[in-house]
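If you want the building blocks of each chain, they are given just below.
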Amino acid sequence: MSLDNYLYLSALLFTIGAAGVLIRRNAIVVFMCIELMLNASNLAFVTFSRMHGNIDGQLFAFFTMVVAACEVVVGLAIIVTIYRSRRSASVDDARLLKL
Amino acid sequence: MNIAAIVNNQTQSPEAVLFFILAPIMVLAALGMLVVKKAVHSALLLAVVMVGLAIFYIANEAPFLGIVQVVVYTGAVMMLFLFILMLVGVDSSDSIEETIKGQRIGGVLGSVGVGFLLISLLSRAELGQDYVGLDLINSEGNVQSIAKVLFTRYVWAFEVISALLITAALGAMVLAHRERILPRKSQRELAAERVRQTSIPVAGLPGPGTYAQHNAVDIPALLPDGSPSDASVSKVIAARGELANPANFRMKESNGNSANGEAGEE
């Protein structure tokens, strides 16, 4: 098996994540799809790191993980705040910044 | 012989078997995320994908990253997702109707296009050199070599990332904090309020009836005039029509004429 297959899998997962962001309406599911996209890019980083024999790709995957963790924490706090004021977690209902 | 070694730009066959078993499962789980109705099921399918990715990291000679993936993603991040799902409501499923017309089909077509673009790009790309593998770099340990690079070349990025983490934690605290508009009620005010309101009796609701042969929660207690009290039984039991008739537990030959009881007809 060629190492390219990992890259194909990564591209496929990234695409599925992008489709989820476009299709789903529940804000939490949209967030999960963004996580899927970040994870797919991590797989590409790790595979490239192995192809080139260079450890920097793994480090970039670490940094992506940290950024993803920050994004989840802040994003979920925003979702909870919006849910508190509107009683809805749908991205369609949050059309206005104010109530 | 090293199982992760790359010979003629090809991996060893165990890795190929692992890939062709695990990759379809991951793709199916990711597709399932898009079509399942409940957000909880999406979260569980995402956990499947993340565990699969962790296994692939380990197969790709990044064991430390694989373990961090399990701990951080399937542990912390998915736990956070499920926690927020429970907070927001488990059954907050998607609405079916589209706010923008044709957005769903447009989204599917657009992402299929992006997928084709990415995959055709990958299939045409040439590295121009043989795949190297990480044998040399991992020879003194994966963690050691990561640490060596992280604390020399990327030490500035490491510091910036720590600042980002602190900012995110602070931001989440600020967002989740709720400003109190009214002062907190004291015990005394709560007690006064409870006495003043009329919907619930201050002494509490009466308990269900206790009879010589039956004392379960489905029989109403009798009021002083002999009629059953609605307040003494749960509304749920009454709505189900499962109330027992207290007249059944009355002594038969006590005072003949009135004991046949239309009291429990409800």
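Predicted, not measured: the structure shown is a model, and the values here were computed from it. (Residues numbered from 1 in each chain as written. Chains lettered and ligands numbered in written order. Predicted model: local features only at pLDDT ≥ 70, side-chain atom pairs only at ≥ 80, totals over all residues. Heavy atoms only, no water.)

Novice: How should I be thinking about unusual backbone geometry in this particular structure?
Specialist: With glycine set apart, most residues show a phi of negative sign, and most peptide bonds adopt trans. Residue and element names in this part refer to chain B. In this structure, Glu 61 is a non-glycine residue whose phi angle is positive, near 60°. Inspection of the secondary structure puts Glu 61 in the loop between α2 (39-59) and α3 (63-88). We classify Glu 61 as buried; its relative accessible area is 9%. (Helix = DSSP H or I, 4+ residues; strand = E, 2+ residues; numbered from the N terminus. Buried < 20%, exposed > 50% of the residue type's maximum accessible area, 1.4 Å probe, protein only.)

Novice: What is the right way to read the interface of chain B and chain A from this model?
Specialist: Bring the parts together and some accessible area is lost; that lost area is often taken as the interface size. Contacts between the two partners involve 85 residues from chain B and, on the opposite side, 66 residues from chain A. Together, the buried faces of chain B and chain A total about 7,100 Å²; carbon and sulfur atoms form 72% of this surface. Counting the surface chain B buries against chain A, the share from its top three residues, Leu 34, Asn 60 and Phe 81 of chain B, is 9%. Linking chain B to chain A there are three salt bridges. In this structure, Glu 61 of chain B and Arg 50 of chain A form a salt bridge, with 3.1 Å as the shortest nitrogen-oxygen distance. In this structure, the connection of chain B to chain A is made through 24 residue pairs in polar contact (both at pLDDT 80 or more). Secondary structure elements with two or more residues in the side of chain B that touches chain A: α1 (13-35), α2, α3, α4 (103-124), α5 (142-150) and α6 (155-176) of chain B. (Contact = heavy atoms within 4.5 Å. Buried area = accessible area lost by both parts, 1.4 Å probe. Salt bridge = Lys/Arg side-chain N within 4 Å of Asp/Glu carboxyl O. Polar contact = N/O pair within 3.5 Å; in protein donor to acceptor, adjacent residues only side chain to side chain.)

Novice: What should I look at first to understand the packing of helix α2 (residues 27-52) of chain A against α3 of chain B in this one?
Specialist: Packed helix pairs are specified by the crossing angle of their axes together with the interaxial distance, meaning the distance between the axes. Look at α2 of chain A against α3 of chain B: their axes get within 11 Å of each other, and the N-to-C directions meet at 175°. In this view, α2 of chain A runs roughly antiparallel relative to α3 of chain B, as classed from their interaxial angle. For the pair α2 of chain A and α3 of chain B, contact is made by Ile 28, Phe 31, Met 32, Glu 35, Asn 39 and Val 46 of chain A and by Leu 65, Gln 69, Tyr 73, Val 77, Met 78, Phe 81, Ile 84, Leu 85 and Val 88 of chain B, respectively. (Axes fitted to C-alpha atoms, helices over the stretch in contact; angles between N-to-C directions. Parallel < 35°, antiparallel > 145°, perpendicular 65-115°, else oblique.)

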